[in-house]
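Here's the letter readout for the chains.
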Amino acid sequence: MVNINILFRISIVYLIFVGAHAWFTMNQPFAFSLGINVVIFIISLLYKKKNNIRLTLRTSDIFAAIAFFIASLFASQITRLESFITFVVRYFPVLLLICDTNSAKGTLTFVSKFLAILFIPSIVLHLIFVITSFPPSVLFTVEGNSLYLFYNYGILLKNIAFEYEAVRFNSVFLEPGFLGTLCALLLYANRFQFKGKWWMYSIMLALLLSLSLAGYVTSLLGYIFCRYSQGLSIKKYVGYFLVGSLAFLISSNYNDGNNILNKYIFSRLEQDKEKGISGNNRNSELTDYYFEKIIEDGDVFLGLGRDKITKINGGGADDGDYTNQIRGAGCKIFILYNGLFAAFFYLLFYYCVARTRGNFKKKYCIGFFLLIFITFMQASYPDSYSWLVPFVLGIVVLKNEKNENRNIDISCCS
């Protein structure tokens, strides 16, 4: 007989794949995608019934749900009755995760293990190909985006539109940054507890091999936030700074800076007159121009909207001319499409979910919210399951723990 608990957790893993842009979730017709969401919705209802989960929300969680709904309205996800039904079907599993306090820890462990098991053969294949070479394979591309052209090895993608990306690991996801951010959030959700948890090492290795600056910064800050919530001394912070400084000096001088660490990480932190730091090159010039324009015109609160931006970009034509289209990532792109109100209410959702009592718990939860905010600034997908699931599970697991003994139940990096 089918185990509905396992089916539900597999469904949650699939939603993470959708949020992090796994290749097999792309290019799906709307009817097919909606059909999968309906199936997951039905599985969620059966899971709720079997485990007798009551949809009882704390006051802060009610405000969180309202904020998420309002944000979706401003982001034009809900425009008709049909889109409202689609919204409910899509995000009911997330609501269930918030209410399923008893099984949250098991679900988080299942999700982490599932991804870790996927990463292991994917990492092995990636390292073999990096050492030898990437052989030709089945071509995979994302419709309407010529920058996403890959050799598809099933458990691994290799971007052939950008040859310099070959050394970076992205597993089944379209970009190393998607993988890096997901791994960083999962590490924080698991509170960097490595002792006796082999899957945590797999997630950490995937993050390291992604060479994702965003993933590195998010995980480093997450580790510091997690340790700070336990009362980390200022001496430890100085130690981390010294270790980072030493790594920077070695990589920037070794082989005249011509090494992987300096090329993909530290060189992107160098000061740039226009972008602030050279790694902050995620938006086209036209994006910067229109962002400044909507601030001047007072359109920043509602944004330009998808239809208007599509028109500016030439009706959706993908001619590869990045500078003459509104393209990029981060908060500027999000606000241009959806407006500042949508950004505010999405962040309010995360803040409301993170609200809790208890000294350690409060510090940890606020730390998680800050990670989401920092991630939002450079890659804005606040309604992504790859953000929602680790965040909600990490927060719910912590809120459900009665014992606040740092050395037993909620210690970091043990």
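Since we're looking at a predicted model, the values are computed, not measured.

S.K.: Teacher, can you tell me more about the nonpolar core here?
M.R.: Buried together is how nonpolar side chains tend to be arranged in soluble globular proteins. F119, F173, L174 and F391 are the most contacted members of the largest nonpolar core, which totals 107 residues. Considering each element in turn, this core owes the most residues, 11 residues, to helix α16 (residues 385-399). Excluding residues that lie within four positions of it along the chain, F173 makes contacts with F17, A20, H21, A22, F119, L157, F178, L179 and L182. If you look at the next biggest cluster of nonpolar residues, it comprises 11 residues, including V300, I309, I326 and I333.

S.K.: Can you walk me through the packing of helix α14 (residues 340-354) against α16 in this structure?
M.R.: Two numbers describe a pair of packed helices, the interaxial angle and the distance between the axes. One way to put it is that α14 packs onto α16 with a least axis distance of 10 Å and a crossing angle of 20 degrees. Between α14 and α16, the crossing angle belongs to the class labelled roughly parallel. Our pair here, α14 against α16, has a crossing hand that is right-handed. Packed against α14, whose contacting residues are F349, Y350, V353 and A354, the element α16 presents W387, L388, F391, I395 and K399 at the interface. Split into classes, the residues belonging to the contact of α14 with α16 amount to 8 nonpolar, no polar and 1 charged.

S.K.: Help me understand the sheet that holds strand β3 (residues 157-159), please; the structure alone is not making it clear to me.
M.R.: The strands making up a sheet associate through backbone hydrogen bonding, with each pair oriented either parallel or antiparallel. Reading across from one edge, β1-β2-β3 is the order of the 3 strands in this open sheet, with antiparallel pairing throughout. Strand pairing shows two members of the sheet lacking a second neighbour, β1 (138-142) and β3, which therefore form its edges. With direction set aside, neighbouring strand axes in the sheet form an average angle of 35 degrees. As defined by bridge partners, strand β2 (residues 145-152) adjoins β3 across 3 bridges and the pair is classed as antiparallel.

S.K.: Looking at this model, I keep getting lost on the pairing of β1. Mind explaining?
M.R.: Across 5 bridges, β1 lies against β2 in antiparallel orientation. From the neighbouring strand, T141 faces β2, where its bridge partner is L149. If you look at the hairpin formed by β1 and β2, you'll find 2 residues sitting between the two strands, and G144 has a positive phi there, around 85 degrees.

S.K.: Is there a simple way to explain the pattern of salt bridges in this structure?
M.R.: As a working rule, side chains carrying opposite charge can pair if their charged atoms are close by. For the structure shown, the criterion picks out 3 salt bridges. A salt bridge links D288 to K332, with the nearest nitrogen and oxygen atoms 3.1 Å apart. Linking D288 in helix α11 (residues 285-297) with K332 in helix α13 (residues 331-338), this pair joins segments that are 44 residues apart in sequence. For D297, the salt bridge goes to K293, with nearest N and O atoms at 2.9 Å. Here K293 and D297 lie together in helix α11, a separation of 4 residues that amounts to about one turn. For D297, a relative accessible area of 43% puts it in the partly exposed group. According to the relative accessible area criterion, K293 is partly exposed, its value standing at 32%.

S.K.: In this structure, what is going on with the side chain of S210? I would like to understand it.
M.R.: Turning to its location among the elements, S210 is positioned in helix α7 (residues 198-210). A relative accessible area of 0% means that S210 is categorised as buried. Of note is the side chain of S210, whose polar atom sits 2.6 Å from the backbone oxygen of L207. The residues contacting S210, other than those within four sequence positions of it, are R168, F169, P176, L179 and G180.

S.K.: Can you help me understand α16 in this one?
M.R.: Residue pairs three or four apart in sequence face the same way in an α-helix, which turns once every 3.6 residues. Between its first and last C-alpha, α16 extends 20 Å over 15 residues, near the 21 Å set by a 1.5 Å rise per residue. α16 sits mainly inside the fold: 15 of its 15 residues count as buried.

S.K.: How should I be thinking about the environment of Y228 in this particular structure?
M.R.: Here Y228 lies in helix α8 (residues 213-228). Sequence-wise, Y228 and G367 are 139 residues apart; in three dimensions their C-alpha atoms are separated by 9.1 Å.

S.K.: Help me understand the packing of aromatic side chains in this model?
M.R.: Each aromatic ring pair is specified by the distance between its two centres and by the angle formed by the two planes. Summed over all chains, the structure comprises 41 aromatic pairs. Plain terms: the ring middles of Y188 and Y364 are 4.6 Å apart, the flat faces sit at 10 degrees to each other, and that makes the pair stacked. With Y188 in helix α6 (residues 176-189) and Y364 in helix α15 (residues 359-378), this residue pair connects regions lying 176 residues apart in the sequence. Assigned by exposure class, Y188 and Y364 land together as buried.

S.K.: Looking at this structure, I do not really get the packing of helix α4 (residues 81-99) against α16. What am I missing?
M.R.: Two elements in contact, α4 and α16, have axes separated by 9 Å at closest approach and are oriented at 15 degrees. Between α4 and α16, the crossing angle belongs to the class labelled roughly parallel. Of the two elements, α4 crosses α16, and the hand of that crossing is right-handed. When α4 is examined against α16, the residues R90, Y91, V94, L97 and I98 are found in contact with a partner set consisting of Y385, L388, V389, V392, L393 and V396. Within the contact of α4 with α16, the residues separate by chemical class into 10 nonpolar, no polar and 1 charged.

S.K.: Is there a simple way to think about the side chain of T375 in this case?
M.R.: In this fold, T375 is placed in helix α15. Judged by its relative accessible area of 0%, T375 is buried. Every residue in contact with T375, bar those within four places of it in the chain, is listed here: T181, T218, S380 and W387.

Calculation rules
Residues numbered from 1 in each chain as written. Predicted model: local features only at pLDDT ≥ 70, side-chain atom pairs only at ≥ 80, totals over all residues. Heavy atoms only, no water. Core = buried A, V, L, I, M, F, W, Y, C linked by side-chain atoms within 4.5 Å. Buried < 20%, exposed > 50% of the residue type's maximum accessible area, 1.4 Å probe, protein only. Helix = DSSP H or I, 4+ residues; strand = E, 2+ residues; numbered from the N terminus. Contact = heavy atoms within 4.5 Å. Axes fitted to C-alpha atoms, helices over the stretch in contact; angles between N-to-C directions. Parallel < 35°, antiparallel > 145°, perpendicular 65-115°, else oblique. Left-handed = near helix turned anticlockwise from the far one by under 90°. Nonpolar A, V, L, I, M, F, W, Y, C, P; charged D, E, K, R; others polar. Pairing = 2+ DSSP bridges. Salt bridge = Lys/Arg side-chain N within 4 Å of Asp/Glu carboxyl O. Polar contact = N/O pair within 3.5 Å; in protein donor to acceptor, adjacent residues only side chain to side chain. Expected span 1.5 Å × (residues − 1). Phe/Tyr/Trp six-rings, centres within 6.5 Å; stacked < 30°, edge-to-face > 60°.

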